[in-house]
Structures are given as structure tokens and as C-alpha cells.
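The chain contents come next:
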Amino acid sequence: MEQKKLNSRKCAMVGCGFVGSASVYALMQSGLFSEIVLIDANRQKAEGEALDISHGLPFAKPMSIYAGDYADLADAAIVIVTAGAAQKPGETRLDLVKKNVGIFKSIIPQIAAVNQDCILLIVANPVDVLTYAALKLSGFPKERVIGSGTVLDSARFQQMLGEHLDVDSRSVNAFIIGEHGDSEIAAWSSANIAGVPIHRVCEMRGFTDHDYETHRIAEAVKNSAYEIIEKKGATYYGIGMSVTRICEAIIRNELSILPVSTLMCGQFGLEDICLSMPAFVGSHGVDTLLPFELDVSELLALQKSAATLKKVIEEAEL
Ligand SMILES: NC(=O)c1ccc[n+]([C@@H]2O[C@H](COP(=O)([O-])OP(=O)(O)OC[C@H]3O[C@@H](n4cnc5c(N)ncnc54)[C@H](O)[C@@H]3O)[C@@H](O)[C@H]2O)c1
């Protein structure tokens, strides 16, 4: 098929609830795009969010933010999908699977019908299963179907470690890998502060009970979505910043290392499943995975996480 000319200054947001609108708000402030089209099953909601967010433009950079239809995303370089039912208090991300796969069966073919060349950035949950669903339903190459994966979880991990160790969270190199969900893994063996192994910095700060602290922090990261949902009903600011960071890496061809969800093709013994491992992200989407080092317990946990996801994918009958 002939490649259509995409507008690298344009993105589309499908789903304008808490996450979609917070992401557009963060994108608007980043100045990365000059055009953002908002699409939602509830057209009024898309129109209201577009108006509200546009009213901040005199304090940002000029751009066009408007509610539209699928035809309007034909030239968008990135199409972000946040549409779907959200997690209810006490509900796991995997509980959402049936509802949201159904929604994707309607949305993804409508995107692919007008735009075969964009990068699809999936955010709706369970994000790993829906990234796999988007890959199958779109027929796009694997490089161009990306899930936000554990970018948000890794940001939470870095923020909490930064606070714990009294260091700028941007100096924390630490990843959450695997499922964006209950089986996610904190990759402690490679975590470091500016190249110094994390345990040495912990000791420098007077924390010597590594088993206790690592367990406490990893659990806090894993449970933070539940805690926020319990307290305020939804999470959206952190993911809005995560979406903006991924878009930035793509549009500016940064080849940044981000733990996005992507199709595994034999790496770490995993096949035909989407989950997060640190990958190079640039203008072609996911370029390649980093040869990330895992210790034996992390590798076993990753394989267990993958098995959990595979079962859900099989049940979703994609
Ligand atoms: N990946 C992450 O890190 C992360 C973080 C937070 C939330 N989420 C997920 O993002 C999704 C959205 O969460 P939210 O809080 O914004 O929910 P929300 O209910 O506020 O918004 C969902 C929006 O999707 C729209 N929608 C539903 N079906 C649609 C369809 N067929 N076509 C177009 N629009 C449709 C709804 O009208 C609504 O505006 C959820 O699945 C949530 O779990 C992911």
C-alpha cells in the first residue's frame, strides 16, 4: 500500500474521559503538536473538553484543539486510545478485559480504515491485553502498536525512590517491567542512582534492611492505582505526563529508553504476547528492545507475569 503523508504535528485522542482529557491537557502544554483532534462516543464530552483545554492556549503555544470524527484522524501521526470503561474500586485491570476488548473491536477498525500509517498508542486497560488486541485488529506492524505499559509504574517507582533516598527522581534509573498490573516486577537488580547500585545509596542514607524496604516500595508502586482510585475515583495526571513523554520520544525521534508494552518475539523466552520491557522509542515507534539484564528471580517473575497475561489473551478470543 502507498504510504500516505502524515502530519507529524498532529495527534488524535480517542476517548476523552479523565485520562484522555488530562493527556490532551499535558500535550497542549508541551507544545509538541499543532493540532489535536478529540474523539469520543459522547460527542458533547469531546466538544466540552476541546473548548475547555483550548482556553489555556493563550498561555501555551498556538494549536488547534477540536472535537471530530474518525475521518479527522486520517493524517494524524499518533493516535492515542484511552477509550474504555475505567477500573471501579476493587476491580482489577484484568476484570476490565471483556468490556474493553469489545470496545476495541469497534474502535480499532475505524482508525485503520482511515489511517494505516500512524503509530497507535494504547492506554486503556488492561493495557497489555488491549495493545495485543490493537495489533491483531489493526494489522499494523508490531513497531507501530505501542502500549503505555509500565511507563507510569516506572515513574511512580522513580518518584518514590527519589523521595525515599532524598535525590532528584530524574537521577533514579529504575524500571517496573512485565504487566501493567498486579504481576508487575520491580527490576531491583539493575536499579541505580547515576550508575551507583541502589542498595549502596540506601546504605548511604541509613536504610540497611533491603528486604523490608524493597518489598514496601514495590508494593506501594503496585498498589498506587488502587489507592488513588479508592481516594479520588480515577488516576489521570501521572498517565497524562507519561503519554506526553512517549509522544515526545516518538515525534522528536529521541530513541529514548521507555518501558512500553510491545509484542515479544522470543526475547526472555516470551512469544506472542505484549508486555513492557525497556525499549528504544523513536519516530518508527518501538525500534528494538534493550538487552536488559535480569537476575534469576526477576526472569522467573517475568515469565509468570507473561503466563498470566497469555491466559487472559486466550480467554479474550482475539
Ligand atoms: N495505562 C495506564 O497507565 C492507565 C492509567 C489510568 C487509566 N487507564 C485506563 O484508561 C481508560 C480510561 O480511563 P478514564 O478514567 O479516562 O475513564 P472515563 O470513563 O473517564 O473515560 C472513558 C471515555 O471513553 C469513552 N468511550 C467509551 N466507549 C467508547 C467508544 N466506543 N468510542 C469512543 N469513546 C468511547 C467514554 O465516553 C469516556 O469519555 C481506562 O481503561 C483506564 O483503566 C490506564
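Just so it is clear, the structure is predicted and the values come from calculations on it, not from any experiment. (Residues numbered from 1 in each chain as written. Predicted model: local features only at pLDDT ≥ 70, side-chain atom pairs only at ≥ 80, totals over all residues. Heavy atoms only, no water.)

## Remarks on the nonpolar core
Okay, step 1: Counting 86 residues, the largest nonpolar core has I65, L73, V79, I80, V81 and I111 as the members making the most contacts within it.
Okay, step 2: For this core, the element with the highest residue contribution is helix α3 (residues 97-114), accounting for seven residues.
Okay, step 3: Both domains that meet at this core, namely domain 1 (7-147) and domain 2 (151-316), each give it at least three residues.
Okay, step 4: With residues near it in sequence (within four places) discarded, V79 still touches A12, V14, L73, I111, C118, I119, L120 and L121.
Okay, step 5: Counting residues in hydrophobic clusters, the runner-up holds 15 residues, among them L165, V172, I176 and I193. (Core = buried A, V, L, I, M, F, W, Y, C linked by side-chain atoms within 4.5 Å. Buried < 20%, exposed > 50% of the residue type's maximum accessible area, 1.4 Å probe, protein only. Helix = DSSP H or I, 4+ residues; strand = E, 2+ residues; numbered from the N terminus. Domains from an automatic or database assignment. Contact = heavy atoms within 4.5 Å.)

## Brief notes about helix α5 (residues 151-165)
Because the α-helix completes a turn every 3.6 residues, residues three or four places apart line up on one side.
Okay, step 1: In this model α5 runs 21 Å from its N-terminal to its C-terminal C-alpha over 15 residues, within 8% of the 21 Å that 1.5 Å per residue would give.
Okay, step 2: The set of residues buried in α5 consists of V151, L152, D153, S154, R156, F157, L161, G162, H164 and L165.
Okay, step 3: Of the residues trailing α5, D166 is marked for its positive phi of about 55 degrees. (Expected span 1.5 Å × (residues − 1).)

## Digging into the site of the ligand
Okay, step 1: The local shell around the ligand holds 24 residues, among which V19, D40, A85, V123 and N125 are the closest.
Okay, step 2: Between the ligand and A85, the relevant distance is 3.0 Å, taken from an oxygen atom to a main-chain nitrogen or oxygen of the residue.
Okay, step 3: S148 places a side-chain nitrogen or oxygen 3.2 Å from a nitrogen atom of the ligand.
Okay, step 4: Counting atoms within 2 Å of the grid points, the majority share of the ligand lands in the largest pocket.
Okay, step 5: When residues in the shell around the ligand are grouped by element, the largest group, three residues, is from α3.
Okay, step 6: Residue classes in the shell around the ligand are distributed as 14 nonpolar, nine polar and one charged.
Okay, step 7: Each of domain 1 (7-147) and domain 2 (151-316) accounts for three or more of the residues forming the shell around the ligand. (Near = heavy atom within 4 Å. Polar contact = N/O pair within 3.5 Å; in protein donor to acceptor, adjacent residues only side chain to side chain. 1 Å grid on protein atoms, 1.4 Å probe; cavity = no way out; pocket = protein on both sides within 12 Å on 5 of 7 lines; lining within 4 Å. Sits in = over half its atoms within 2 Å of the grid points. Nonpolar A, V, L, I, M, F, W, Y, C, P; charged D, E, K, R; others polar.)

## Considerations on empty space enclosed by the protein
Okay, step 1: Inspection of the entire model under this criterion finds one cavity of 30 Å³ or more.
Okay, step 2: Considered as a void within the structure, the largest cavity measures approximately 40 Å³ in volume.
Okay, step 3: Only α5, α6 (198-204) and α7 (210-232) provide two or more residues apiece to the lining of the largest cavity.
Okay, step 4: Looking at the lining of the largest cavity residue by residue, the classes come out as four nonpolar, four polar and one charged. (Points joined across faces, edges and corners; volume = space filled by probe spheres on them.)

## Observations regarding the packing of helix α4 (residues 127-138) against helix α9 (residues 296-316)
Okay, step 1: Two elements in contact, α4 and α9, have axes separated by 10 Å at closest approach and are oriented at 50 degrees. It follows from the interaxial angle that α4 and α9 lie oblique. Crossing hand, α4 versus α9: right-handed. On α9, the residues that touch D128, V129 and Y132 of α4 are L309, V312 and I313. (Axes fitted to C-alpha atoms, helices over the stretch in contact; angles between N-to-C directions. Parallel < 35°, antiparallel > 145°, perpendicular 65-115°, else oblique. Left-handed = near helix turned anticlockwise from the far one by under 90°.)

## Quick word on the domain arrangement of the protein chain
Okay, step 1: We note that the domain assignment places domain 1 (7-147) and domain 2 (151-316) within the protein chain.
Okay, step 2: Between the C-alpha centres of domain 1 and domain 2 the distance comes to 22 Å.
Okay, step 3: In this assembly, 41 residues from domain 1 lie in contact with 45 residues from domain 2.
Okay, step 4: Viewed at the interface, domain 2 and domain 1 are joined by one salt bridge.
Okay, step 5: One salt bridge connects K136 with D272, and the closest N-O pair in it is separated by 3.9 Å.
Okay, step 6: Our count for the domain 1 to domain 2 interface comes out at five residue pairs in polar contact (both at pLDDT 80 or more).
Okay, step 7: Mapped onto the side of domain 1 that touches domain 2, the elements with two or more residues apiece are α1 (18-30), β4 (76-81), α3, β5 (119-122), α4 and β6 (145-147).
Okay, step 8: Split into classes, the residues belonging to the side of domain 1 that touches domain 2 amount to 23 nonpolar, eight polar and ten charged. (Salt bridge = Lys/Arg side-chain N within 4 Å of Asp/Glu carboxyl O.)

## Some words on the pairing of strand β2 (residues 35-39)
Okay, step 1: Most of β2 sits inside the fold, with four of its five residues counted as buried.
Okay, step 2: Where strand β1 (residues 7-14) meets β2, five bridges bridge the pair, whose relative direction is parallel. Residue pairing for β2: K10 is matched across the bridge by E35.
Okay, step 3: With respect to chirality, the unit in which β1 leads through α1 into the neighbouring parallel β2 is right-handed.
Okay, step 4: Taken together, β2, helix α2 (residues 43-54) and strand β3 (residues 64-67) constitute a β-α-β crossover, and its handedness is right-handed. (Pairing = 2+ DSSP bridges. Right-handed = clockwise from strand over helix to strand, strands pointing away.)

## Here's the deal with the pattern of salt bridges
Okay, step 1: Applying the stated rule across the entire model yields 15 salt bridges.
Okay, step 2: A salt bridge links D69 to R43; its shortest N-O distance comes to 3.0 Å. Placement of the pair is D69 in the loop between β3 and β4 and R43 in helix α2, with a sequence separation of 26 residues.
Okay, step 3: Its relative accessible area of 34% is what places R43 among the partly exposed residues.
Okay, step 4: For E254, the salt bridge is made with R252, and the minimal N-O distance between the two is 2.7 Å.
Okay, step 5: Residue classification places E254 among the partly exposed residues on the basis of a relative accessible area of 25%.

## Some remarks on α3
Okay, step 1: Taking 1.5 Å of rise per residue, 18 residues should cover 26 Å, and α3 covers 26 Å from first to last C-alpha, within 8% of that figure.
Okay, step 2: The largest bend in α3 comes to about 30 degrees, at F104.
Okay, step 3: Listed as buried for α3 are V97, N100, V101, F104, I107, I108, I111 and A112.
Okay, step 4: Residues of α3 that are buried in the fold lie against β1, β4, β5, α4 and α9. (Bend = angle between axes of the 7 residues up to and from the residue.)

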